[in-house]
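Report on the structure
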Amino acid sequence: MAGTILIRNASQLVTLKGSSDAPLTGEAMSRLEVIENGTVWIEDGLIKLADSDEAVMAQFTGNYEAAEIIDANGRLVVPGLIDPHTHLVHAGSREEEFNMRLSGASYMDIMNAGGGIHATASKTKKAAPEDLFQAAYNTLNEFLLHGVTTLEAKSGYGMEWETEKKQLQVAKELNERHPIDIIRTFMGAHAVPKEYKERPDTFVDHIIEYMLPRAAEEGLAEFNDVFCEQGVFTPEQSRRILEAGKKLGLKAKIHADEIEPYKGAELAAELGAISAEHLLKASEEGIKKMAEAGVIGVLLPGTAFFLMAEFADARKMIDSGVPIALSTDFNPGSSPTVSLPFIMNLACLKMGMTPAEVITAVTINAAHAINRGREIGSIEQGKKGDITIFNVPNYMKLQYSYGVNHTHTVIKNGCVVVR
Ligand code: NIG
Ligand code: FE
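Residues numbered from 1 in each chain as written. Chains lettered and ligands numbered in written order. Predicted model: local features only at pLDDT ≥ 70, side-chain atom pairs only at ≥ 80, totals over all residues.

**Here we look at helix α7 (residues 200-217)**
Our working rule: Helix and strand definitions here come from DSSP, where helices need a minimum of 4 consecutive H or I residues and strands a minimum of 2 consecutive E residues; each element is numbered from the N-terminal end. Expected helix span is taken as 1.5 Å per residue step, with the number of steps being one fewer than the number of residues. Working definition of burial: number of other C-beta atoms within 10 Å of the residue's own, with buried at 20 or more, exposed at 12 or fewer, and partly exposed in between, all C-beta atoms being placed from the backbone. Contacts here follow a simple rule: the backbone-placed C-beta atoms of the two residues must lie within 7 Å.
In this model α7 runs 25 Å from its N-terminal to its C-terminal C-alpha over 18 residues, within 8% of the 26 Å that 1.5 Å per residue would give. Within the span of α7, buried status applies to Phe 203, Val 204, Ile 207, Ile 208, Met 211, Leu 212 and Ala 215. Against α6 (161-177), β8 (181-189), β9 (223-228) and α8 (235-247) lie the buried residues of α7. Within two residues after α7, Gly 219 carries a phi angle of roughly 60°, on the positive side.

In structure tokens form, the structure reads like this:
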């Protein structure tokens, strides 16, 4: 039961307040709004006040005796982390492909030979919903232990409606039964099924005419995503799918310029997509257009790391005015990790982001990437009581002391869920 919670004695309370309307860009990505010796007052699941201990206690009108007092004891307190891009619900894993890649095979070769996404799709198709639920539930517990309180989950291991629907329904049920909030994205256009190999446009028609209307009508997704990549969906096919989704009220997301430059960033800008993800090979022109259109770049350095590829040019994107968010891309092929804190380390060490920018990218900007900027992503009045406490005295140490899970306490909707 969510009653009154007071988190006191935070060495640094990072609020990120004042950015609920739009994601932060450029230098503003470093404007964390840090309060020393901060206190957070949460009432019935929502944040009432976040300020210095003195200021909060002077205005506190709750019942102190009945309140749960959490002594942060000189630790770092930040908004609950948000992971805006995962492929949460799926069956099995693909460690044998990892071995093949270590011996020189490429991710796309494996996929084109019928492995990769196709391999996970055939396992997911056969899996019982209860088994998908249980596997994803266990994964969500691990996410929670790494400080994540909200995440986005895509379908995409069906490429036919029944399995896509099964994945989305499992994600919906997980949202109801697990403390982590789950935001759903339809991704029927994740790969071209074998039977459509010679006529991919027919598959695109099928997505547009059959799957998308069902995803929208049945209220199973808020977003629509496409793997726009050489050998998968062309920019023209991606455009058709994303435009059709928009007409049905599904906001556009896009896997763009992940393996090869393919003008995915440009397309995201033209379509007014909420976000473009990956962007390892995004062109200078594409970055410029994204900045002009306000498209959020969701960067996934774990994928570059795991595919042993070049990292996205986060520095150029931030300096060009693209709002940046970070994510694990949790999936069995290109990024089998739930450690958003490790992604944060990679963002600093491999993409030249500063520790302050990284915090913004996994909180308020990640919230905006899933259209939740008004509900979560900062610690300020009226927002959800979603808080992560890390066992470090300041946010810089979170990045400096790398490869360690510093998560200490997690509070979701005003309830302590990890302690
Ligand atoms: O974001 N690129 C496409 N989709 C995922 C990988 C999915 C898989 O390999 O199973 C990604 O990298
Ligand atoms: Fe992905």
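**So, the UniProt feature "binding site: 4-imidazolone-5-propanoate" (unreviewed entry) in the protein chain**
This is how it is decided: UniProt positions are given in the numbering used here, feature names are shortened, and annotations may be inferred rather than shown by experiment.
Mapped onto this numbering, the UniProt entry gives "binding site: 4-imidazolone-5-propanoate" (unreviewed entry) at Arg 94, Tyr 157, His 190, Glu 258 and Ser 334. Within the secondary structure layout, His 190 lies in the loop between β8 and α7. For Glu 258, the location among the structural elements is in the loop between β10 (251-256) and α9 (264-271). Of the residues examined, Glu 258 has 28 C-beta atoms within 10 Å and is grouped as buried.

**Let's talk about the UniProt feature "binding site: Zn(2+)" (unreviewed entry) in the protein chain**
Using the residue numbers shown here, the UniProt feature "binding site: Zn(2+)" (unreviewed entry) corresponds to His 85, His 87, His 255 and Asp 329. Across 245 residues, the annotated set stays spatially compact, with a maximum C-alpha separation of 12.2 Å. Among all residues touching His 85, those that are not within four sequence positions of it are Glu 152, Glu 277, Val 298, Leu 300, Ser 327 and Asp 329. A count of 27 C-beta atoms within 10 Å places His 87 in the buried class. Those residues in contact with His 87 that lie beyond four places of it in its chain are Lys 154, Gly 156, Phe 330 and Asn 331.

**What to know about the site of ligand 1**
Cut-off, in case you're wondering: Nearness here has a simple definition: the residue's C-beta atom, placed using the backbone, must lie within 6 Å of the molecule or strand. Any residue outside Ala, Val, Leu, Ile, Met, Phe, Trp, Tyr, Cys, Pro, Asp, Glu, Lys and Arg is labelled polar, Gly included; the first ten of those are nonpolar and the last four are charged.
Neighbouring ligand 1 are 13 residues, the closest being Ile 117, Phe 227, Asn 331, Gly 333 and Ser 334. The class makeup of the residues in the shell around ligand 1 is three nonpolar, eight polar and two charged.

**Re the pairing of strand β14 (residues 387-390)**
To keep it simple, the criterion reads: Should DSSP find at least two bridges between two strands, the strands are regarded as paired.
Taking every second residue as pointing to the same face, both faces of β14 are buried, with Ile 387 and Ile 389 on one and Thr 388 and Phe 390 on the other. Here four bridges tie strand β5 (residues 76-79) to β14, and the two strands are oriented antiparallel to one another. Within β14, the residue paired with Val 78 across the bridge is Thr 388. Of the strand pairs in this sheet, β14 and strand β15 (residues 407-412) are connected by four bridges, and their pairing is antiparallel. Bridging from a neighbouring strand, Phe 390 pairs with Thr 407 of β15.

**Examining the environment of Lys 383**
Considering the arrangement of structural elements, one finds Lys 383 in the loop between α15 (364-369) and β14. Take Lys 383: there are 23 C-beta atoms within 10 Å of it, and that puts it in the buried class. Between the C-alpha atoms of Lys 383 and Asn 413, which are 30 residues apart in sequence, the distance is 9.3 Å. If near-sequence neighbours (up to four positions away) are discounted, Lys 383 is found in contact with Leu 46, Ile 47, Glu 375, Ile 376 and Ser 378.

**Description of the pairing of β9**
In summary, the side chains of a regular strand alternate between the two faces of the sheet. Applied cut-off: Here is how to tell: hold the view so the strands point away, follow the path from the first strand over the helix to the second, and if it runs clockwise the crossover is right-handed.
Taking burial as the measure, the six residues of β9 include six buried ones, the bulk of the element. Alternating positions in β9 separate into two faces, Phe 223, Asp 225 and Phe 227 on one and Asn 224, Val 226 and Cys 228 on the other, with burial throughout. Taken together, the three bridges between β8 and β9 define a ladder with parallel strand orientation. Its bridge partner lying in β9, Ala 189 is registered against Val 226. Between β8 and its parallel partner β9, the chain crosses via α7, and the hand of that crossover is right-handed. The pairing of β9 with β10 spans six bridges and is parallel.

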